[in-house]
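For reference, the chains in residue letters:
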Amino acid sequence: MSRSRPGSSLRRLNVPAFLGGAQVRFTPLMQTRLTRRAEGMIGRALSYFPELQGKTITVGFSRVHLGSAVMSRKRDSAPQLVIRLRVRNLTYQTIGHELTHLVQGLSLGNQPASAYERIPSGETQCDIWTLARHELFCDDPPTYIKLPPLMRERWPNYAIAVRRLCVAAIDKRSVLRPYIRWLESEIATLTRPSRQEKKPPAQLTLPFSD
């Protein structure tokens, strides 16, 4: 899908400094489909991305995918940050995931080491860092982290516990190379009944005759 070029005709959403300080520009196609709810969600999500403060982000419309992110670089110029979102049934998880992709890209650029948190590249890594960032982004199950089917069906019951494990996995990453495998293994245990919940088997009684 071709990327829309930022232009003077784009509608702007200036996010105040206390909400992240980023400037959002909507493509003409997105303007025709943007709802007040979606616009508010984008602004609120950006408040949890201080790494994007002072940046200009172009938000386009996605017809097929829930979302996508593109960062193009030109020599001697600031990178162009673009995300596309499907407005229908938009979630904070999707917005946060795409914004995290932008931070991933920025952290790989020619920036001071302390300018951005070094988020490793990859879709699963993007899910982990998005959930760990804030509970706001736990409103929908992640796409790339392996989750038991029951957990996807009953996500609100497990969301906070999964987020805590994501935070723990990031902490373990410096000393545990297969931290993603550890995370997905720990997540799988959340749907298993504990020993306290397991009931002892009932004693079998047979109808003995006198």
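Residues numbered from 1 in each chain as written. Predicted model: local features only at pLDDT ≥ 70, side-chain atom pairs only at ≥ 80, totals over all residues. Heavy atoms only, no water.

A. Expanded view of the side chain of threonine 100. One can find threonine 100 in helix α3 (residues 92-107). Accessibility expressed as a relative area gives 0% for threonine 100, which makes it buried. In contact with threonine 100, not counting residues within four places along its chain, are Phe49, Ile119, Cys126, Trp129 and Thr130. (Helix = DSSP H or I, 4+ residues; strand = E, 2+ residues; numbered from the N terminus. Buried < 20%, exposed > 50% of the residue type's maximum accessible area, 1.4 Å probe, protein only. Contact = heavy atoms within 4.5 Å.)

B. Focus on the packing of helix α4 (residues 123-133) against helix α6 (residues 155-172). Axis separation between α4 and α6 bottoms out at 8 Å; the angle between their running directions is 105 degrees. In terms of axis orientation, α4 runs roughly perpendicular to α6. Every residue of α6 that contacts α4 at Ile128, Trp129, Leu131, Ala132 and Arg133 is listed here: Trp155, Val162, Arg163, Cys166, Val167 and Ile170. Here the contact of α4 with α6 is composed, by residue class, of nine nonpolar, no polar and two charged. (Axes fitted to C-alpha atoms, helices over the stretch in contact; angles between N-to-C directions. Parallel < 35°, antiparallel > 145°, perpendicular 65-115°, else oblique. Nonpolar A, V, L, I, M, F, W, Y, C, P; charged D, E, K, R; others polar.)

C. Region of interest: the nonpolar core. Among the nonpolar cores identified, the biggest contains 48 residues, and Leu52, Ile57, Val59 and Leu99 are the most heavily contacted of them. Secondary-structure elements contributing two or more residues to this core are β2 (23-26), α2 (36-46), β3 (56-61), β5 (80-85), α3, α4, α6 and α7 (179-189). The greatest single-element share of this core, amounting to seven residues, is contributed by α6. In this structure, valine 59 is in contact with Val24, Arg25, Phe26, Thr27, Met30, Ile42, Ile83 and Leu85, ignoring residues within four places of it in sequence. (Core = buried A, V, L, I, M, F, W, Y, C linked by side-chain atoms within 4.5 Å.)

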